[in-house]
Amino acid sequence: MRLGIITKKQKNKDGTVRKYLYLVEYIWNKEKGYSQQKHIACLGRADELKDAGTLDKLVESLCKFTKQKKTMDIFNDIDPKTAKTCGEILVFKKLWGDLGIKKILME
(Lines give C-alpha, C1' and ligand atoms only; values in the text may rest on other atoms or scores of the structure.)
Protein backbone atom coordinates (compact mmCIF):
# COMPACT_ATOMS: atom_id res chain seq x y z
CA MET A 1 0.00 0.00 0.00
CA ARG A 2 1.31 3.44 -0.93
CA LEU A 3 -0.17 6.52 0.74
CA GLY A 4 0.33 10.17 -0.06
CA ILE A 5 -0.98 13.68 0.39
CA ILE A 6 -2.46 15.64 -2.50
CA THR A 7 -3.88 19.14 -2.78
CA LYS A 8 -7.04 20.17 -4.54
CA LYS A 9 -8.05 23.73 -5.29
CA GLN A 10 -11.59 24.96 -4.84
CA LYS A 11 -12.75 28.26 -6.26
CA ASN A 12 -15.24 30.16 -4.12
CA LYS A 13 -18.11 32.33 -5.39
CA ASP A 14 -16.12 35.48 -4.62
CA GLY A 15 -13.23 34.26 -6.80
CA THR A 16 -10.84 33.32 -4.01
CA VAL A 17 -9.14 29.95 -4.21
CA ARG A 18 -8.66 27.60 -1.28
CA LYS A 19 -6.42 24.54 -1.17
CA TYR A 20 -7.51 21.40 0.62
CA LEU A 21 -5.26 18.51 1.63
CA TYR A 22 -6.34 14.91 1.12
CA LEU A 23 -4.85 11.62 2.28
CA VAL A 24 -4.94 9.22 -0.66
CA GLU A 25 -4.00 5.64 -1.40
CA TYR A 26 -2.38 4.94 -4.75
CA ILE A 27 -3.79 1.81 -6.36
CA TRP A 28 -2.41 0.25 -9.55
CA ASN A 29 -5.16 -0.34 -12.10
CA LYS A 30 -3.96 -3.31 -14.16
CA GLU A 31 -6.66 -2.88 -16.81
CA LYS A 32 -5.87 0.79 -17.47
CA GLY A 33 -2.12 0.43 -16.91
CA TYR A 34 -1.68 3.33 -14.50
CA SER A 35 -2.00 4.29 -10.86
CA GLN A 36 -5.24 5.75 -9.52
CA GLN A 37 -5.97 7.61 -6.31
CA LYS A 38 -8.48 6.50 -3.72
CA HIS A 39 -9.40 9.29 -1.30
CA ILE A 40 -9.14 8.12 2.28
CA ALA A 41 -9.67 11.38 4.18
CA CYS A 42 -9.89 15.12 3.75
CA LEU A 43 -7.41 16.68 6.16
CA GLY A 44 -8.81 20.20 5.77
CA ARG A 45 -7.79 23.57 4.41
CA ALA A 46 -4.05 23.79 3.81
CA ASP A 47 -3.69 27.34 5.16
CA GLU A 48 -5.53 26.54 8.41
CA LEU A 49 -3.55 23.34 8.98
CA LYS A 50 -0.27 25.14 8.39
CA ASP A 51 -1.12 28.13 10.60
CA ALA A 52 -2.26 25.93 13.48
CA GLY A 53 0.86 23.76 13.28
CA THR A 54 -1.32 20.70 12.73
CA LEU A 55 0.77 19.39 9.84
CA ASP A 56 3.98 19.61 11.85
CA LYS A 57 2.35 17.70 14.71
CA LEU A 58 1.06 15.06 12.29
CA VAL A 59 4.50 14.53 10.76
CA GLU A 60 6.13 14.32 14.19
CA SER A 61 3.59 11.73 15.36
CA LEU A 62 4.00 9.66 12.18
CA CYS A 63 7.77 9.57 12.72
CA LYS A 64 7.17 7.46 15.82
CA PHE A 65 6.19 4.60 13.51
CA THR A 66 9.01 4.90 10.98
CA LYS A 67 12.73 4.25 10.85
CA GLN A 68 13.24 7.99 10.54
CA LYS A 69 13.33 9.31 14.08
CA LYS A 70 13.68 13.03 13.49
CA THR A 71 12.19 15.37 10.95
CA MET A 72 14.37 18.08 9.49
CA ASP A 73 13.39 21.70 9.19
CA ILE A 74 15.44 22.53 6.11
CA PHE A 75 15.28 26.26 6.75
CA ASN A 76 16.50 26.06 10.34
CA ASP A 77 18.58 22.85 10.48
CA ILE A 78 20.85 23.43 7.49
CA ASP A 79 23.31 26.29 7.26
CA PRO A 80 23.15 27.57 3.66
CA LYS A 81 26.84 28.49 3.70
CA THR A 82 27.82 24.93 4.61
CA ALA A 83 25.41 23.43 2.10
CA LYS A 84 26.87 25.61 -0.64
CA THR A 85 30.40 24.50 0.24
CA CYS A 86 29.38 20.84 0.19
CA GLY A 87 27.68 21.37 -3.16
CA GLU A 88 30.84 22.83 -4.66
CA ILE A 89 32.89 19.91 -3.38
CA LEU A 90 30.48 17.42 -4.95
CA VAL A 91 30.60 19.24 -8.29
CA PHE A 92 34.41 19.23 -8.34
CA LYS A 93 34.52 15.58 -7.26
CA LYS A 94 32.21 14.66 -10.14
CA LEU A 95 34.28 16.67 -12.63
CA TRP A 96 37.50 15.14 -11.26
CA GLY A 97 36.15 11.66 -11.95
CA ASP A 98 34.47 12.39 -15.30
CA LEU A 99 37.49 14.18 -16.76
CA GLY A 100 39.98 11.62 -15.47
CA ILE A 101 42.14 14.22 -13.76
CA LYS A 102 43.54 11.72 -11.23
CA LYS A 103 44.68 9.42 -14.04
CA ILE A 104 46.31 12.34 -15.89
CA LEU A 105 48.17 13.50 -12.76
CA MET A 106 49.42 9.98 -12.02
CA GLU A 107 51.07 9.73 -15.47
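As a reminder, the structure under discussion sits directly above these lines.
The present account deals with the structure reproduced in this document. In this numbering scheme, every chain counts its residues from 1 along its sequence in written order. Selection of residues for local features in this predicted model requires a pLDDT of at least 70, selection of side-chain atom pairs for listing and counting requires 80 or more, and totals for whole chains, interfaces and linings are taken over all residues. To obtain the side-chain values, all non-hydrogen atoms of the structure were included, while hydrogens and water were left out.

Turning our attention to the pairing of strand β3 (residues 34–45). The pairing of strand β2 (residues 17–29) with β3 spans ten bridges and is antiparallel. Pairing of I27 across the sheet is with Q36, part of β3. By definition, two strands form a pair when at least two bridges between them are found by DSSP. Only DSSP runs of H or I reaching four residues or more are called helices, and only runs of E reaching two or more are called strands; each is numbered from the N terminus.

With that out of the way, let us pick up a nonpolar patch on the surface. Patch building starts from residues that exceed 30% relative accessible area and form no salt bridge, then joins like charges within 9 Å and nonpolar side chains (Val, Leu, Ile, Met, Phe, Trp, Tyr) within 5 Å. Per-residue and other accessible areas follow the Shrake-Rupley method at a 1.4 Å probe size, with only the shown protein chains counted as cover for residues. A pair is scored as a salt bridge if a Lys or Arg side-chain nitrogen falls within 4 Å of a carboxyl oxygen belonging to Asp or Glu. There is a patch of nonpolar side chains on the surface, built from V91, F92, L95 and L99 and spanning about 420 Å² of accessible area. Among the structural elements, V91 can be located in helix α4 (residues 80–99). Residue classification places V91 among the partly exposed positions, given a relative accessible area of 48%. Partly exposed residues are those whose accessible area sits between 20% and 50% of the maximum for their type, while under 20% is buried and over 50% is exposed, using a 1.4 Å probe and protein chains only.

When the centres of two rings from Phe, Tyr and Trp lie within 6.5 Å, Trp using its six-membered ring, the rings pair. Their planes under 30 degrees apart give stacked, over 60 give edge-to-face, and anything left gives tilted. Applying the stated rule across the entire model yields zero aromatic pairs. If you follow R2 out to its NZ or CZ, it ends over the ring of Y26, 4.5 Å from the centre. Lysine and arginine charges are scored as sitting over a ring when NZ or CZ, respectively, is within 6 Å of the ring centre and within 35 degrees of the ring normal. Here K8 stacks its cationic end above the ring of Y22, 5.7 Å away from the centre of that ring.

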